[in-house]
Amino acid sequence: MSNEQQVNHGDHDSESEIQPSYYASRAKAIEALLVQKGVMTTNEINSEVNAMDSKSPADGAKIVALAWLDDSFKTKLLANASEALEEIGYKLPDETPYLKVVENSEDIHHVVVCTLCSCYPRMLLGRPPDWYKSLAYRSRVVVSPREVMEEFGLRLSDDIEVRVLDSTADLRYMVIPRRPLGTDGFDQESLAALVTRDSMIGVSDPLSAHF
Amino acid sequence: MRGVHDRGGLPDDTPINREEHELMDWERRVDAMHAVLGSKGLRSTDQMRRVIESIPKDEYEQMTYYERWAFALETLVTENELLSTAEIDKKMAELMSE
């Protein structure tokens, strides 16, 4: 560990950066050398950046919307997500960790965390949000999930069972939230527009049909 | 003993900071370099975890997420002898004087 420049970020949960940090300069030097030595090319790095940039919660939202519309797809998705996704043309990369999709209902509410770090279904939702990686979320949601969800504006009635799912490097979770009322007759696109990233993590509900 | 990374249930009354920052270029590129090394069999998630999870507690808690990733990147490429620390020091000095 280098101690040459320990930047004190004050709020340790904040991922925000004010100035090019020691690590930013360090990373730049490492990149220049890896390219110079032919370990990798700038193109390879760029295309990886673009590949991750192109993934967003919109992918997960389309899948949730389809699950709301098509019961047999939903059943398959809950049983074996990667097979169900492949059938609709979503080929997950070979090195993708096991993906488990769970469904919220009127009796059970799931919320996802990675207490050890930041494991997240990047293949369907893109990069995880800052708060998901924060020490506060990781420590608190497993002991006080209702309190944490309230901070996100979600108040669950006491008779709903809350299940907190702790992701790992080998197992990622995505939540199918409850379909909003008043959406009968909505097509996949209009439903997907209601599905937020946070609702697929489980910390909030989808948008309401009337906004 | 509980590892520094093992946060579940630790006493913490900090409200969740829901503010999100747009990733900076270097953060995206660190993320990408890990992925490219992985695709070439030069780095695994388990190796990266081992490095990040052995960061001393005070530093772990002060570093931002991608600082930990950058630290892991450097540790793994030097352990694999793809690069040396001296080379990285020299290149960094060069880049900073530009």
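None of the values given here were measured: they were computed from a predicted structure.

Asks: Looking at this structure, I do not really get the overall build of chain A. What am I missing?
Replies: Across its full length, chain A carries 11 helices and 4 strands. Counting only C-alpha atoms and orienting by the principal axes, one finds that chain A spans roughly 55 × 40 × 30 Å. Sorting the 211 residues of chain A into buried and exposed places 51% on the buried side. In chain A, once contacts between residues fewer than 6 apart in sequence are set aside, the share between residues at least 24 apart is 65%. Taken together, the 21 basic and 34 acidic charged side chains of chain A have centroids lying 3 Å from each other.

Asks: What am I meant to see in the confidence of the model for chain A here?
Replies: The predicted coordinates ought not to be read in detail in places where the model reports low pLDDT. Looking at chain A, the pLDDT average stands at 90 and 90% of residues meet or exceed 70. In this model, residues 1-18 of chain A is a region of pLDDT below 50 whose contacts with residues beyond four sequence positions or in other chains number 45 contacts.

Asks: Would you mind showing me how to read the domain arrangement of chain A here?
Replies: A common way to state how big an interface is: give the accessible area lost once the parts meet. Domain annotation for chain A reports domain 1 (22-52) and domain 2 (56-201). Taking the mean C-alpha position of each, domain 1 of chain A and domain 2 of chain A sit 32 Å from one another.

Asks: Mind showing me how you'd approach helix α1 (residues 22-36) of chain A here?
Replies: Residues separated by three or four positions in an α-helix point in the same direction, a consequence of the helix having 3.6 residues per turn. Taking 1.5 Å per residue, 15 residues should reach 21 Å; α1(A) reaches 21 Å between its end C-alpha atoms and fits that length. Taking burial as the measure, the 15 residues of α1(A) include 11 buried ones, the bulk of the element. Of all the positions in α1(A), only A:Tyr22, A:Tyr23, A:Ala24, A:Ser25, A:Arg26, A:Ala27, A:Ala29, A:Ile30, A:Glu31, A:Leu33 and A:Leu34 are classed as buried. Lining the buried residues of α1(A) we find α2 (42-53) of chain A together with α1 (25-39), α4 (65-79) and α5 (85-97) of chain B. Positive phi appears at A:Gly38, one or two residues downstream of α1(A), with a value of about 75°.

Asks: What exactly am I supposed to notice about the nonpolar core here?
Replies: Among soluble globular proteins, nonpolar side chains are generally buried collectively. Residue and element names in this part refer to chain A. Leu-77, Leu-124 and Tyr-137 are the most contacted members of the largest nonpolar core, which totals 49 residues. In terms of residue count, helix α3 (residues 57-69) provides more of this core than any other element does, 7 residues in total. If sequence neighbours within four positions are ignored, Leu-124 has contacts with Ser-56, Pro-57, Asp-59, Gly-60, Ile-63, Leu-85, Leu-92, Leu-99 and Met-174.

Asks: Honestly, the environment of B:Glu74 in this entry has me stumped. Any pointers?
Replies: The residue B:Glu74 is located in helix α4 in this model. In this structure the C-alpha to C-alpha distance between B:Glu74 and B:Ser84, which are 10 residues apart in sequence, comes to 9.0 Å. What B:Glu74 contacts, discounting residues up to four positions off in sequence, is A:Arg26, A:Ile30, B:Thr85 and B:Ile88. Within the local environment of B:Glu74, its side chain forms a polar contact with the side chain of A:Arg26, the two groups lying 2.8 Å apart.

Asks: Even after reading the chapter, I still don't get a negative patch on the surface, so can you show me in this structure?
Replies: Residues and elements named next belong to chain A. Together, Glu-106, Asp-107, Asp-158 and Asp-159 make up a negatively charged patch on the protein surface. Within the secondary structure, Asp-158 sits in the loop between α9 (145-151) and β3 (161-166). Judged by its relative accessible area of 70%, Asp-158 falls in the exposed class.

Asks: I would appreciate a short explanation of the packing of α1(A) against α4(B) in the present structure.
Replies: Helix-helix packing is described using two parameters, namely the angle between the two axes and the distance between the axes. Where α1(A) contacts α4(B), the axes come no closer than 10 Å and their chain directions differ by 40°. In terms of crossing hand, the pair formed by α1(A) and α4(B) is left-handed. Two secondary-structure elements touch here, α1(A) through A:Tyr23, A:Arg26, A:Ile30 and A:Leu34 and α4(B) through B:Glu67, B:Ala70, B:Phe71, B:Leu73, B:Glu74 and B:Val77. For the contact of α1(A) with α4(B), the residue count by class is 7 nonpolar, no polar and 3 charged.

Rules and cut-offs
- Chains are numbered independently. Their residues run from 1 in the order of the written sequence.
- Chains and ligands are labelled sequentially in the order written, the chains with letters from A and the ligands with numbers from 1.
- Local features are withheld for residues below a pLDDT of 70 in this predicted model, meaning they are given only at 70 or higher, and side-chain atom pairs are given and counted only at 80 or more; totals for whole chains, interfaces and linings count all residues.
- The basis for the side-chain values is all heavy atoms of the structure; hydrogens and waters are excluded.
- Starting at the N terminus, helices and strands are each numbered in turn, a helix being any DSSP run of H or I of at least four residues and a strand any DSSP run of E of at least two.
- Here the term buried applies to any residue with accessible area under 20% of the maximum for its type, exposed to any over 50%, and partly exposed to those in between, with areas from a 1.4 Å probe on protein chains only.
- The contact criterion used is simple: two residues touch if any of their non-hydrogen atoms lie within 4.5 Å.
- His is not counted here, nor are the chain ends, while Lys and Arg score as positive and Asp and Glu score as negative.
- Positions of charges follow a simple convention, taking NZ of Lys, CZ of Arg, CG of Asp or CD of Glu.
- How sure the predictor is of each residue is captured by pLDDT, a score from 0 to 100.
- Segmentation into domains, and thus their bounds, comes from an automatic or database assignment.
- Expected span, for any helix, means 1.5 Å times one less than how many residues it has.
- Think of a nonpolar core as a cluster: buried Ala, Val, Leu, Ile, Met, Phe, Trp, Tyr and Cys residues, connected wherever their side-chain atoms sit within 4.5 Å.
- Think of a polar contact as two N or O atoms within 3.5 Å of one another; within protein, one of them needs to be a possible hydrogen donor and the other a possible acceptor, and neighboring residues in sequence only count if both atoms come from side chains.
- Here, patches come from residues exposed beyond 30% relative accessible area and free of salt bridges, joined within 9 Å for like charges and within 5 Å for nonpolar side chains (Val, Leu, Ile, Met, Phe, Trp, Tyr).
- To measure how exposed things are, a 1.4 Å probe is used in the Shrake-Rupley method; for residues, cover is taken only from the protein chains shown.
- Any Lys or Arg side-chain nitrogen located within 4 Å of an Asp or Glu carboxyl oxygen qualifies as a salt bridge.
- Orientation is described by axes fitted as lines to C-alpha atoms, over the contacting stretch for helices, and by angles from 0 to 180 degrees between their N-to-C directions.
- Each crossing gets its hand from how the near helix is turned against the far one by less than a right angle, where anticlockwise is left-handed and clockwise is right-handed.
- Any residue outside Ala, Val, Leu, Ile, Met, Phe, Trp, Tyr, Cys, Pro, Asp, Glu, Lys and Arg is labelled polar, Gly included; the first ten of those are nonpolar and the last four are charged.

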